[in-house]
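Examining the three-dimensional arrangement
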Amino acid sequence: MSRYREIKKATAEVVGLQVVRKSSTAKAHAAIRDVIVANPSMGYQQIADLLGCSRWLIYRVAAEFDVRRPRGAEAPARTEATV
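Residues numbered from 1 in each chain as written. Predicted model: local features only at pLDDT ≥ 70, side-chain atom pairs only at ≥ 80, totals over all residues. Heavy atoms only, no water.

**Here's the deal with unusual backbone geometry**
Although it is not a glycine, Asp66 sits at a positive phi angle of roughly 55 degrees. Mapped onto the elements, Asp66 comes out in the loop between α4 (55-64) and α5 (76-82). (Helix = DSSP H or I, 4+ residues; strand = E, 2+ residues; numbered from the N terminus.)

Okay, structure coming up:
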């Protein structure tokens, strides 16, 4: 089972099918946002691999919450060049 499914299962509530989907999705996206913010040196693909979901979902959550990072933040070549 993917990590994203585990996050959604853990945040699901038994109220009604439509409410559960929206609520658990919102909570899962908030959890993904927290992972993105906590790991600024990781790329979206690395975070997606960690959570077991797609890079597109990570990008979409970052755009949804307006999480911005400097361009090329995860690229080791950029960090070594500035040191």
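**Brief notes about the confidence of the model for the protein chain**
Looking at the protein chain, pLDDT values average 75 and 65% of them are 70 or higher. The least confident element of the protein chain is α5, whose mean pLDDT is 52; the most confident is α4, at 92. (pLDDT = per-residue confidence, 0-100.)

**Side note on the nonpolar core**
Formed by 15 residues in total, the largest nonpolar core has its most connected members in Ile32, Ile36, Leu51 and Ile58. Those elements giving two or more residues to this core turn out to be α1 (3-11), α2 (17-38), α3 (44-51) and α4. When residues no more than four places from it in sequence are discounted, the contact partners of Ile32 are Tyr4, Leu51, Leu57, Ile58 and Val61. (Core = buried A, V, L, I, M, F, W, Y, C linked by side-chain atoms within 4.5 Å. Buried < 20%, exposed > 50% of the residue type's maximum accessible area, 1.4 Å probe, protein only. Contact = heavy atoms within 4.5 Å.)

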